[in-house]
Amino acid sequence: MGFSILPKSNRISFFSVLVLTVIIIAIRLITLIDNELSWDVLGYYIHLPAMFIYRDYGLSDLGWIHRLLELYPLTGSLYQISTGPDGNPIFFFLMGMSFFYLPWFLLAHLLASFSGYPADGFSLPYQYTMAVGVITYTIIGLIYLRKILLNFFSDKTSATVLLIVVLGTNYLHFMTVKNLETANILFMMVTLITWNTIQWHKHYKLINLAAIGAFTVLTALAKPSEVLVALIPFFWGVYNRETLMAKLQLFWDKRSQVLAAIAAGLVVALPQMIYWYTETGHILFDSYKNPGVGLDLASPHILNVLFSFKKGWFIYTPVMIFSVIGFVQLYRRDKAVFAPVLIYCLVAFYLLASWTEWWYGASFSIRPMITLYPLLAITLGSFLSAISTKKWLARAGISILVIFFVLLNLFQTWQMNNYIIEPYRMTKKYYFAIFGKTKVTEEERKLLAPDLTFNQDAKLTDEAAYHRRNFGFYDFEVTDVNYKDHYYTDSTGNTMLKMDSTLRFSPEIRNTFRGLTTKDYFWVRASADVFIPADYRDELPLLVLSFDRKGGGYYYHSFAVDTNTYKPGTWGSISVDLMSPHVRSTSDFFKIYVWHRGNQAALIDNIRADVFEPK
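What counts as what
Residues numbered from 1 in each chain as written. Predicted model: local features only at pLDDT ≥ 70, side-chain atom pairs only at ≥ 80, totals over all residues. Heavy atoms only, no water. Phe/Tyr/Trp six-rings, centres within 6.5 Å; stacked < 30°, edge-to-face > 60°. Helix = DSSP H or I, 4+ residues; strand = E, 2+ residues; numbered from the N terminus. Buried < 20%, exposed > 50% of the residue type's maximum accessible area, 1.4 Å probe, protein only. Lys NZ or Arg CZ within 6 Å of the ring centre and 35° of its normal. Domains from an automatic or database assignment. Contact = heavy atoms within 4.5 Å. Buried area = accessible area lost by both parts, 1.4 Å probe. Lys, Arg positive; Asp, Glu negative; His and termini not counted. Salt bridge = Lys/Arg side-chain N within 4 Å of Asp/Glu carboxyl O. Polar contact = N/O pair within 3.5 Å; in protein donor to acceptor, adjacent residues only side chain to side chain. Pairing = 2+ DSSP bridges. Axes fitted to C-alpha atoms, helices over the stretch in contact; angles between N-to-C directions. Core = buried A, V, L, I, M, F, W, Y, C linked by side-chain atoms within 4.5 Å. Left-handed = near helix turned anticlockwise from the far one by under 90°.

An unreviewed UniProt entry lists the protein chain under the name Glycosyltransferase RgtA/B/C/D-like domain-containing protein, from bioreactor metagenome.

Below you can see the structure in the form of structure tokens.
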């Protein structure tokens, strides 16, 4: 009797996974670049070269990182390094992603060592091996998604759902050109947790509950907010008060397994907790320090997340509308599964919609929605199963829509990869101007929104397009008792501010974002006159512009007098135009002041700020 690797049943879904895997591998291979380990991925990955190559996991000397930044275009700023309670450098991102990178890093290090490439963690063997290696996790995710779907649906329906999720959503983009980002790993982990949840509720085996505990913590180490996946096993089978009480009794009856699952999770968390304790003195520590971004639970961006032409999920992933409709069919079909799926999806969606940068950087559609797809695949399957019982006209209409949405997603994924769909600046007008196009004109690009992400080098060129008004001016001619000991009056009677070691900061010009504009952005022109003595040897005064949120600063910029043209012993001017960024809240303060860093005296006068508001 011959041996066959083909399954005896459910062959359609098996071949679907096989074909989809080939497609994903092919796209990933032809889209490889020599800068895969950059930006956020650098933050996830930096743990490994720090430990295994540079032997500096405590980041006692950042020199090796700065040398790498000179060799490779890895990031615009070193936001991947945060600070501990004593100001010591620590890793910004948790080490969870590095656990998944580890086997491919070790293989890449071996290849680099024997291939003549620098074994520095970032040469081509590392870039390519990491990007190709993590396809393994994509395949595992697809295999377990198939297992989940076959638990509820026919082979044909399961295959159809697999094809729609992979080819009809932003999943394809993030499992190919962006497969080193968290979406790849999180999708796999949710499938593993869901599958083990199903198995435990069938057989009550320790191995399944222990796996849930370990996988939940591992998921949270990759992205802390994803600890919410614990809602899936907790609420599985719960849909009313009676089933909730029965579930709590089940946990009590299986308390030895529950304790084993908690222990498994603690073992997975132990390396991170040891690192935190070593570097901060705490076993739990929040390294995500950026006042400009965070969770704003009181003001979620729900409509933008769903319908905005910037990134809206229903705009760029319209086929998943059917997965939302499928909640109705799932409720009718299986309330015990409906409740945990709904609870997890609602809570996870609310959380991701509450993130300040709700568009999630250069994401295609809404990236973190991919983490919900293993559960939304169940609702999508419920919808398709219900439709299959309808009359042929309804089936034909839905089939045409699904095919159109899948083809649209494939084309727009291509547009995204070729920068026709712009990663940060999409607008409704631009979306329709380039709809279905393979080329874009400069005239059409004028329909894009201003670049508020990478705008540090932007120039204010068309002042006629803005309303200009002054919102702050200090000429120091009116006495302020807070500075009475620091006024200096020259021979002409002009009064100015004398700054030295006893006065580091000038008065601030400040206003809230909404006090400056009701639009999405503004320009500010800030200036200050400075007089630096001819014998001055200290650091130069700086004109500082930044936003402030609850005492924490972000979007910090500072400017000194141009030493190429300024001659000490004379009056000079610091003048700058700066475009506002995306702000976390319109109540955040924009402030302007002079920071005197030296001990020797310098004179400051005429601190001025004008706002340019779009007409």
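Enquirer: So what exactly am I meant to see when it comes to the packing of aromatic side chains here?
Expert: The geometry of an aromatic ring pair is captured by the separation of the ring centres together with the interplanar angle, meaning the angle of the planes. One pass over the structure, following the stated rule, counts 53 aromatic pairs. Ring geometry for Trp200 and Phe251: centres 6.2 Å apart, planes at 20°, overall stacked. Of this pair, Trp200 sits in helix 10 (residues 182-203) while Phe251 sits in helix 13 (residues 241-253); the two residues are 51 residues apart in sequence, bridging distant segments of the chain. Judged by relative accessible area, Trp200 falls into the buried class, the value being 1%. Arranged with centres 6.0 Å apart and planes meeting at 15°, the rings of Tyr474 and Phe476 form a pair that is stacked. Grouping aromatic residues by their ring pairs yields a cluster made of Tyr45, Phe52, Tyr72, Tyr101, Phe105, Phe122 and Tyr126. Here the basic side chain of Lys310 rests over the ring of Trp359, its NZ or CZ set 5.0 Å away from the ring centre.

Enquirer: Which parts of the structure should I look at to understand the domain arrangement of the protein chain?
Expert: Quoted interface sizes are often the accessible area lost when the parts come together. Segmentation of the protein chain into domains returns domain 1 (11-287 + 294-418) and domain 2 (463-614). A C-alpha centroid distance of 45 Å is found between domain 1 and domain 2. If you look at the interface, domain 1 gives six residues, while domain 2 gives four residues. Looking only at domain 1, the three residues that lose the most surface to domain 2 are Asp296, Thr356 and Trp359, adding up to 70% of its buried area.

Enquirer: How do you make sense of the side chain of Arg146 when you look at a structure like this?
Expert: Among the structural elements, Arg146 can be located in helix 7 (residues 135-150). The buried charged residue Arg146 lacks any salt bridge partner; its closest oppositely charged side chain belongs to Asp155, at an N-O distance of 5.1 Å. In terms of polar contacts, Arg146 uses its side chain to reach the backbone carbonyl oxygen of Asn10, at 2.9 Å.

Enquirer: Help me out: how do you make sense of the pairing of strand 8 (residues 542-549) in this one?
Expert: As a general feature of sheets, a regular strand has side chains that alternate between the two faces. Of all eight residues in strand 8, eight are buried; the element is thus mostly enclosed. Side chains Leu542, Val544, Ser546 and Asp548 of strand 8 all project onto a buried face; the interleaved residues Leu543, Leu545, Phe547 and Arg549 project onto the opposite face, where all are buried too. Across seven bridges, strand 8 lies against strand 11 (residues 589-595) in antiparallel orientation. Bridge pairing in strand 11 places Leu545 opposite Ile592. Note that strand 8 and strand 9 (residues 552-559) share six bridges and pair antiparallel. Looking across to strand 9, one finds that Arg549 is bridged to Gly552. From the end of strand 8 to the start of strand 9, which pair antiparallel, there are two residues, and Lys550 there has a positive phi angle of about 50°.

Enquirer: Is there a simple way to think about the sheet that holds strand 6 (residues 509-512) in this case?
Expert: Strand pairing within a sheet occurs via backbone hydrogen bonds; the two strands may be parallel or antiparallel. Spatial ordering of the open sheet is given by 6-11-8-9, a layout of four strands whose pairing is antiparallel. At either margin of the open sheet sits one strand with a lone partner, and together these are strand 6 and strand 9. Averaged over all neighbouring strand pairs, the angle between strand axes comes to 20°, with direction disregarded.

Enquirer: Can you help me understand unusual backbone geometry in this one?
Expert: Negative phi is the rule for most residues except glycine; trans is the rule for most peptide bonds. A positive phi angle, close to 55°, is found at Asn10, a residue other than glycine. Within the fold, Asn10 resides in the segment before helix 1 (11-30). In this structure Asn10 comes out as partly exposed when scored by relative accessible area, which is 29%. In the Ramachandran plot, Asn606 falls in the positive-phi region, its phi being about 55° despite a non-glycine side chain. Position of Asn606 relative to the elements: it lies in strand 12 (residues 602-614). Judged by its relative accessible area of 25%, Asn606 is partly exposed.

Enquirer: For this particular structure, what's the right way to read the pattern of salt bridges?
Expert: Any two side chains of opposite charge can pair if their charged atoms end up close together. One pass over the full model with this rule turns up 16 salt bridges. Taking the shortest distance from any N to any O, the salt bridge between Glu444 and Lys437 comes out at 2.4 Å. Where Arg525 meets Glu463, a salt bridge forms, and the shortest distance between an N and an O atom there is 2.8 Å. Here Arg525 is found in strand 7 (residues 523-531), whereas its partner Glu463 is found in the loop between helix 22 (442-445) and strand 3 (466-474), with 62 residues between them in sequence. By sharing partners, the salt bridges in this structure join Asp296, Arg549, Arg584 and Asp588 into a single network.

Enquirer: Help me understand the nonpolar core, please; the structure alone is not making it clear to me.
Expert: Soluble, globular proteins show a tendency: their nonpolar side chains are buried together. Core analysis: the biggest nonpolar cluster contains 83 residues, and Tyr171, Trp313, Tyr344, Met369, Tyr373, Leu376 and Ile378 have the highest contact counts within it. Sort the elements by how many residues they give to this core and helix 18 (residues 335-353) lands first, with 10 residues. Among all residues touching Ile378, those that are not within four sequence positions of it are Ile148, Leu149, Phe152, Phe153, Leu330, Val337 and Val341. Of all hydrophobic cores here, the second largest spans 50 residues; its members include Leu37, Tyr57, Trp64 and Ala264.

Enquirer: Where do I start with the packing of helix 7 against helix 10 in this structure?
Expert: The geometry of a pair of packed helices is captured by two quantities: the angle between their axes and the separation between those axes. Direction vectors running N to C along helix 7 and helix 10 enclose 35°, while the axes themselves pass 8 Å from each other. The chirality of how helix 7 crosses helix 10 is left-handed. For the pair helix 7 and helix 10, the contacting residues are Tyr137, Thr138, Ile140, Gly141, Tyr144, Leu145, Lys147 and Ile148 in the first and Asn184, Ile185, Phe187, Met188, Thr191, Leu192, Thr194, Trp195 and Ile198 in the second.

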